[in-house]
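# Structural characterization, general
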Amino acid sequence: MMNDNDRSGMTLIVKTVTRLTLGFILIYGIYIGMIGHSSPGGGFAGGVIIALSLVHIMLAFGRDTALRRIHRGMLRVLTGLGALVFLYIVLCNPNAALGRIALPICEMLIVGAGLFAIFVALVLLSKGHRDSE
Amino acid sequence: MLEIHLILLFMIAAAIIAVEVRDMLSSVVAVGAVGIGLSLAFLVLKAPDLAIMQLVVEILSLIILVRATSHRDLPFSASGRWVFNTVSTISFILIFLVCAYISLLNLPVFGEPQLRELSKFYIDEARTLTGAENIVESIALRFRAYDSLGEATAIVVATIGVLAIARRVSIKGKADDER
Amino acid sequence: MSIYILCLILFSVGLYCVLRKRNLIKIIIGIGIMEYAANLFFILIGYRQEGRAPIYAHDQVINNMVDPLPQAVVLTSIVLGLALMLLLVAISIRIYEKYRTFDITKINRLKG
């Protein structure tokens with residue numbers, strides 16, 4: 001797991017609490033995403049919660065530590081994969097049961113990976129601006 | 001419906017604070033208060049899906065706005081045609097309000113909607129046709145899956161757009177944020 | 001009726017912000033407030049007095065559900081609003097990097 005000795009990021013308390021609660025937030029996001037057809041929730045809300053948990057890592061552990069563990073190319077691949085599978089299911093409509101399981105998963109992939117990629121891009125943009133000053 | 005009035009008054013007060021306060025960070029936090037108030041209003045108006053959605057979206061946009069506005073100055077320039085600008089803006093808003101009030105008279109009374117044919121069909125048939133208990137989700141993902149496709153397309157296009165805007169290209173034409 | 005008017009006032013606050021303020025971040029905030037008011041107006045139109053949330057229960061028949069169609073439409077609208085706001089923030093950070101200010105009148109002056 002991530003080491004606490006890094007000076008980047010927030011204090012030790014925040015890092016410890018983040019490490020303890022991260023899994024719960026991820027599981028809660030997946031639950032909200034998959035429960036949508038029988039209870040309030042839905043794929044998009046679940047995807048945003050997953051993206052928020054990744055943002056949480058990045059805010060607590062600092063930019064460099066988080067980016068060492070999360071590859072940005074993988075985020076783009078996941079977003080594109082989710083979008084393609086979503087397109088295939090909506091346009092070809094292969095199977096109703098497949099759609100019920102797969103559509104929320106695709107939504108979670110698109111929203112979670114896409115929004116986190118946007119966040120990383122914005123943070124890097126701000127960082128470059130601050131370095132050049 | 002006292003509570004929805006109170007929530008709306010709270011939202012209007014927070015919005016006025018967000019518009020008028022000079023400190024940028026306070027302004028962004030006040031917008032967060034407006035969003036949380038909207039989430040509460042959705043909950044009171046019996047839309048739990050939207051309440052969850054609005055809450056998480058509000059948190060994400062709040063984080064991004066705070067990161068965008070911290071470490072930056074707030075230019076405040078009141079010079080120029082202050083009186084003319086304010087008067088023209090307020091007269092435009094008054095004209096808008098009068099037109100909107102005239103169109104409001106044709107709307108159904110609050111609390112007694114005239115359900116359209118389509119809404120009745122969704123309420124009656126959603127469970128038998130799709131097997132989903134949550135009607136909103138069955139509309140969004142089954143009856144109107146093309147809407148969700150457009151939504152997903154918008155997110156992907158926004159991702160591509162932000163990545164293209166945030167990309168740094170050096171003089172040699174080589175992007176240096178790729179590692 | 002009074003609720004509709006309060007919702008319109010909320011919309012006008014956002015409209016005033018967009019039209020009058022000169023700071024780019026304030027303009028983004030105004031667009032967000034207008035979007036909130038529009039979403040709320042949709043849900044207010046579909047609300048029914050003493051209604052129930054549009055979710056079926058296992059063992060009872062619910063007759064007085066609120067209108068589910070505006071909720072499904074607003075669900076799309078919220079996501080589109082988030083995407084719009086992210087694009088606006090990215091563009092305004094770029095503008096700040098180039099002109100060192102958020103003031104739209106100075107941006108206009110420095111052009112060219």
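To be clear, the structure that these remarks concern was listed above.
Now for a quick tour of the structure. Along each chain, residues carry numbers from 1 onward, in the same order as the chain's sequence is written. Following the order in which they are written, the chains are lettered starting with A and the ligands numbered starting with 1. In view of the model being predicted, local features appear only for residues whose pLDDT reaches at least 70, and side-chain atom pairs are presented and counted only at 80 or more, with totals across whole chains, interfaces and linings using the full set of residues. No hydrogens and no water enter the side-chain calculation; it runs on all heavy atoms of the structure.

Before going further, it helps to examine the interface of chain C and chain B. In this analysis, two residues are considered to be in contact whenever any of their non-hydrogen atoms come within 4.5 Å of each other. Tallying the contact residues gives 73 residues for chain C and 92 residues for chain B. Defined here as a combined quantity, buried area equals the accessible surface (1.4 Å probe) lost by two parts on assembly, summed across both. When the two sides are added together, the surface that chain C and chain B hide from each other amounts to roughly 7900 Å², 74% of it contributed by carbon and sulfur. Contact with chain B buries surface across chain C, with Y36(C), Y47(C) and Y56(C) losing the most and accounting together for 10% of the total. Any carboxyl oxygen of Asp or Glu within 4 Å of a side-chain nitrogen of Lys or Arg constitutes a salt bridge here. Applying the counting rule to chain C against chain B returns one salt bridge. Of the charged contacts in the structure, one is a salt bridge between E20(B) and K21(C), with a shortest N-O distance of 3.7 Å. Any pair of nitrogen or oxygen atoms within 3.5 Å is treated as a polar contact; in protein, a donor-acceptor pairing is required on top of that, and neighbouring residues in sequence qualify only through side-chain atoms on both sides. For the pair chain C and chain B, the interface holds 13 residue pairs in polar contact (both at pLDDT 80 or more). Only DSSP runs of H or I reaching four residues or more are called helices, and only runs of E reaching two or more are called strands; each is numbered from the N terminus. Among the elements of the structure, α1 (2–20), α2 (24–46) and α3 (68–99) of chain C are those that each provide at least two residues to the side of chain C that touches chain B.

Moving on: the nonpolar core. The criterion is simple. A nonpolar core is a set of buried Ala, Val, Leu, Ile, Met, Phe, Trp, Tyr and Cys residues joined through side-chain atoms within 4.5 Å. Using a 1.4 Å probe on the protein chains alone, a residue whose accessible area is under 20% of its type maximum counts as buried, one over 50% counts as exposed, and one in between counts as partly exposed. One finds L115(A), F116(A), F42(B), L40(C) and V89(C) to be the most contacted residues of the largest nonpolar core, which totals 124 residues. No other element matches the 17 residues that helix α5 (residues 96–131) of chain A contributes to this core. Split by domain, this core shows at least three residues from each of two domains, domain 1 (1–72) and domain 2 (116–179) of chain B. When residues no more than four places from it in sequence are discounted, the contact partners of F116(A) are A51(A), L54(A), V55(A), M58(A), I70(A) and L75(A). Domains are outlined according to an automatic or database domain assignment.

With phi around 65°, K46(B) is a residue other than glycine that occupies positive phi space. Relative to the assigned elements, K46(B) resides in the loop between α2 (24–44) and α3 (48–69). Phi at E50(C) takes a positive value of approximately 60°, unusual for a residue other than glycine. Among the residues examined, E50(C) registers a relative accessible area of 63% and is labelled exposed.

Before going further, it helps to examine the pattern of salt bridges. Residues and elements named next belong to chain C. This structure, assessed with the given rule, holds three salt bridges over all chains. Residues R94 and E97 are paired through a salt bridge, measuring 2.5 Å at the closest nitrogen-oxygen approach. Highlighted residues: R94 and E97, both in helix α3, separated by three residues, approximately one helical turn. Residue classification places E97 among the buried residues on the basis of a relative accessible area of 17%.

Here we take up α2(C). Residue and element names in this part refer to chain C. A helix's residues, less one, multiplied by 1.5 Å, set its expected span. Over its 23 residues, α2 runs 34 Å from end to end, which matches the ideal 33 Å to within 8%, given 1.5 Å per residue. Here α2 lies mainly inside the structure; 17 of its 23 residues are buried. For α2, the N-terminal cap is N23; the gap from its side-chain oxygen to the backbone nitrogen of I25 is 3.1 Å.

On to the environment of L109(A), then. All names here are of chain A. Relative to the elements of secondary structure, L109 occurs in helix α5. Spatially, the C-alpha atoms of L109 and L75 are 9.1 Å apart, while their sequence positions differ by 34 residues. For L109, the contacting residues outside a window of four places in its chain are L78, G82 and G114.

As a further point, take the environment of G80(A). Residue and element names in this part refer to chain A. Inspection of the secondary structure assignment puts G80 in helix α4 (residues 72–92). Classification of G80 as partly exposed rests on a relative accessible area of 31%. Put simply, G80 and A51 are 29 residues apart on the chain and 16 Å apart in space, counted from C-alpha to C-alpha.

Moving on, we come to the interface of chain A and chain B. Contact with chain A, which involves 46 residues of that partner, is made by 38 residues of chain B. For the pair chain A and chain B, the two sides together bury roughly 3700 Å², of which 70% comes from carbon and sulfur. Seen at the junction of chain A and chain B, the total is zero salt bridges. There are five residue pairs in polar contact (both at pLDDT 80 or more) connecting chain A and chain B.

Throughout, the protein atoms alone are placed on a 1 Å grid, and a set of points is a cavity if a 1.4 Å probe fits but cannot get out or a pocket if it is open with protein on both sides within 12 Å along at least five of seven lines; lining residues have an atom within 4 Å of a point. Grid points are joined across faces, edges and corners, and a volume is the space filled by probe spheres set on the points. Scanning the model with the defined rule gives seven cavities of 30 Å³ or more in all. There is about 170 Å³ of room inside the largest cavity. For the largest cavity, the lining is made up of 16 residues, of which S61(B), G32(C), E35(C), Y36(C) and M85(C) are closest to its centre. Counting residues per element, the ones that place at least two in the lining of the largest cavity are α3 of chain B together with α2 and α3 of chain C. Amino acids outside the nonpolar list (Ala, Val, Leu, Ile, Met, Phe, Trp, Tyr, Cys, Pro) and the charged list (Asp, Glu, Lys, Arg) are all regarded as polar, and Gly is one of them. Tallied by class, residues from the lining of the largest cavity come to 10 nonpolar, four polar and two charged. In this structure, the second largest cavity encloses a volume near 100 Å³. Lining the second largest cavity are 14 residues, with G43(A), F44(A), E107(A), E137(B) and L75(C) positioned closest to its centre. Where the lining of the second largest cavity is concerned, the elements lending two or more residues are α2 (43–61) of chain A together with α3, α6 (135–143) and α7 (145–165) of chain B.

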